[in-house]
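Topology and contacts: notes
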Amino acid sequence: SQKIEQNSEALNIQEGKTATLTCNYTNYSPAYLQWYRQDPGRGPVFLLLIRENEKEKRKERLKVTFDTTLKQSLFHITASQPADSATYLCALSGGSYIPTFGRGTSLIVHP
Amino acid sequence: EADIYQTPRYLVIGTGKKITLECSQTMGHDKMYWYQQDPGMELHLIHYSYGVNSTEKGDLSSESTVSRIRTEHFPLTLESARPSHTSQYLCASGATGGRGTDTQYFGPGTRLTVL
């Protein structure tokens, strides 16, 4: 069955460092992948989308990579700030284009 | 910030009650979705709609029903609430981007507790 894996353990980093979150998937051939941010008690907010034929996408301090051979996406936040603390979800879309969401990884940035 | 609204934000009700969770968007999106999410868990798709008078069930079996009479409105109804329905319900609308991509804009959610 299709499976999306994100690290269930929270990632703790110091302010100013680069945070790197991982999304692995199996039994899936996604047309594209998205990253969302979710704050407690709120709905997810779209951050970035990367297509299967793209290796890397950037937006301000955010960078996403997509390796369809490794079946993995990496999400980087450079110069992290305490305000970046949240849960980050990856979502994969195949033929139907309706995203399937991972469980998310909690990021905690310490001042 | 996306213009998608959900009411109520919090709801505590007794078993057996009928409830309707409201969702409205002002972005003119054709696609709308309902998700269920428990704390620390994935979002599970329970219903979606690709336009007026179009509704489909999602991956997660649900005893709820939806309707789509107007583009901007996508209410979800539980005919008889049970404690197992206790969860966070998230509504989203979808913008179709280049080459059929589907980016979703979420509302703030309704936290439902059934006693």
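Above this note sits the structure.
This report concerns the structure included in the present document.

Rules of the game
- Residues numbered from 1 in each chain as written.
- Chains lettered and ligands numbered in written order.
- Predicted model: local features only at pLDDT ≥ 70, side-chain atom pairs only at ≥ 80, totals over all residues.
- Heavy atoms only, no water.
- Pairing = 2+ DSSP bridges.
- Helix = DSSP H or I, 4+ residues; strand = E, 2+ residues; numbered from the N terminus.
- Disulfide = S-S within 2.5 Å.
- Contact = heavy atoms within 4.5 Å.
- Phe/Tyr/Trp six-rings, centres within 6.5 Å; stacked < 30°, edge-to-face > 60°.
- Buried < 20%, exposed > 50% of the residue type's maximum accessible area, 1.4 Å probe, protein only.
- Lys NZ or Arg CZ within 6 Å of the ring centre and 35° of its normal.

Let us look at the sheet that holds strand β7 (residues 65-66) of chain B. Residues and elements named next belong to chain B. The antiparallel open sheet is built from 4 strands, whose spatial order is β1-β3-β8-β7. Only two strands of the sheet have a single neighbouring strand rather than two, namely β1 (4-7) and β7. Looking at chain direction, strand β3 (residues 19-25) and strand β8 (residues 76-78) are connected through 3 bridges and run antiparallel. Bridging across to β8, Ile-19 finds its partner in Leu-78.

All right, on to the state of the cysteines then. All names here are of chain A. This model, assessed by the stated rule, comprises 2 disulfides over all chains. Covalent S-S linkage joins Cys-23 and Cys-90, the inter-sulfur distance amounting to 2.0 Å. Between Cys-23 and Cys-90 the disulfide shows an S-S torsion of about 50 degrees. By sign, it is right-handed. A residue pair is termed long-range when its members are at least 10 positions apart, and Cys-23 in strand β3 (residues 19-26) and Cys-90 in strand β9 (residues 86-93) qualify at 67 residues.

The next subject is the environment of B:Leu76. All names here are of chain B. Counting through the fold element by element, Leu-76 comes out in strand β8. Put simply, Leu-76 and Ser-54 are 22 residues apart on the chain and 14 Å apart in space, counted from C-alpha to C-alpha. Once residues lying within four places of it in the same chain are set aside, the contact partners of Leu-76 are Ile-19, Thr-20, Leu-21, Trp-34, Ile-46, His-47, Ser-64, Thr-65 and Val-66.

Here the focus is the packing of aromatic side chains. Counted by the stated rule, this structure contains 12 aromatic pairs over all chains. Geometrically, the ring pair formed by B:Tyr33 and B:Tyr48 is stacked, given 6.5 Å between the ring centres and 25 degrees between the ring planes. Of this pair, B:Tyr33 sits in strand β4 (residues 31-37) while B:Tyr48 sits in strand β5 (residues 43-51), placing them 15 residues apart in sequence. The burial state of B:Tyr33 is the same as that of B:Tyr48; both residues are buried. Between the aromatic rings of B:Tyr48 and B:Tyr50, the centroid separation amounts to 5.4 Å while the plane-to-plane angle is 50 degrees, which identifies the pairing as tilted. For B:Tyr48, a relative accessible area of 17% gives the class buried. Taken together, the ring pairs connect A:Tyr36, A:Phe46, A:Phe101, B:Tyr33, B:Tyr35, B:Tyr48, B:Tyr50 and B:Phe106 into an aromatic cluster. Its end group placed over the ring of B:Phe74, B:Arg68 keeps NZ or CZ at 5.9 Å from the ring centre.

Here the bond from B:Thr7 into B:Pro8 is cis, since omega is -10 degrees, no more than 30 degrees from zero. Structurally, B:Pro8 can be placed in the loop between β1 and β2 (10-13). Of note in the backbone geometry, A:Glu60 takes a positive phi value of approximately 55 degrees without being a glycine. Mapped onto the fold, A:Glu60 is located in the loop between β6 (56-59) and β7 (62-67). Its identity as a non-glycine residue notwithstanding, A:Ala79 has a phi of 45 degrees, on the positive side. Of the residues examined, A:Ala79 reaches a relative accessible area of 38% and is grouped as partly exposed.

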